[in-house]
Amino acid sequence: MSVLFPKLNKPRQWDYRPIYFDPEKEARKERKARLHRGSFREEHEKNKSKMQKQHASKLMLWLVLLAALILGFYVFL
């Protein structure tokens, strides 16, 4: 059979798989690449400062709402 039908390799097929950008995956890769000695402490300090800022903004919101409530009672009563 090889004389009548010689074996020919099939042509390479075009296999295109698009690469989609995934920001969460990129962030995970970046965080994993930044892991080094002391990086956990740095991350903790960064998260701690972020939490302090959030706490301060929430406190300011509650103070403004309390002041508005007191002012509303004073004006209407």
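Further up the page is the structure itself.
What this report covers is the structure whose coordinates are included nearby.

For the rest of this paragraph, the subject is the overall build of the chain. Helix and strand counts for the chain stand at two helices and zero strands. A principal-axis box enclosing the C-alpha atoms of the chain has dimensions of 105 × 40 × 15 Å. Across the 77 residues that make up the chain, the buried fraction comes to 1%. Only carbon and sulfur atoms are counted for the fraction: they give 64% of the accessible area of the chain, which is about 8900 Å². Taking the average location of the 17 positive side-chain charges in the chain and that of its 8 negative ones, the two points are 4 Å from each other.

What follows deals with the packing of aromatic side chains. The relation between two aromatic rings is expressed through the spacing of the ring centres and the mutual angle of the planes. Scanning the model with the defined rule gives one aromatic pair in all. Where Trp-14 meets Tyr-16, the ring centres are 5.6 Å apart and the plane angle is 5 degrees; that geometry is what we call stacked. Tyr-16 shares its class with Trp-14; the two are exposed.

This part takes up the pattern of salt bridges. The full count for this structure, using the stated rule, is one salt bridge. With a shortest N-O distance of 3.6 Å, Glu-43 and Lys-46 are connected by a salt bridge. Linking Glu-43 with Lys-46, this pair stays in helix α2 (residues 39–76), spanning three residues, or about one helical turn.

A contiguous patch of positive charge on the surface is contributed by Lys-25, Arg-28, Lys-29, Arg-31 and Lys-32. Mapped onto the fold, Lys-29 is located in helix α1 (residues 23–33).

So, about the environment of Glu-24. Mapping Glu-24 onto the fold places it in helix α1. On the basis of relative accessibility, which here comes to 58%, the residue Glu-24 falls in the exposed class. The spatial distance from the C-alpha of Glu-24 to the C-alpha of His-44 is 20 Å, given a sequence separation of 20 residues.

Cut-offs applied
- Residues numbered from 1 in each chain as written.
- Predicted model: local features only at pLDDT ≥ 70, side-chain atom pairs only at ≥ 80, totals over all residues.
- Heavy atoms only, no water.
- Helix = DSSP H or I, 4+ residues; strand = E, 2+ residues; numbered from the N terminus.
- Buried < 20%, exposed > 50% of the residue type's maximum accessible area, 1.4 Å probe, protein only.
- Areas by Shrake-Rupley, 256 points an atom, 1.4 Å probe, with all protein chains shown as cover.
- Lys, Arg positive; Asp, Glu negative; His and termini not counted.
- Charge placed at Lys NZ, Arg CZ, Asp CG, Glu CD.
- Phe/Tyr/Trp six-rings, centres within 6.5 Å; stacked < 30°, edge-to-face > 60°.
- Salt bridge = Lys/Arg side-chain N within 4 Å of Asp/Glu carboxyl O.
- Patch = residues over 30% accessible without salt bridge, like charges linked within 9 Å, V, L, I, M, F, W, Y side chains within 5 Å.

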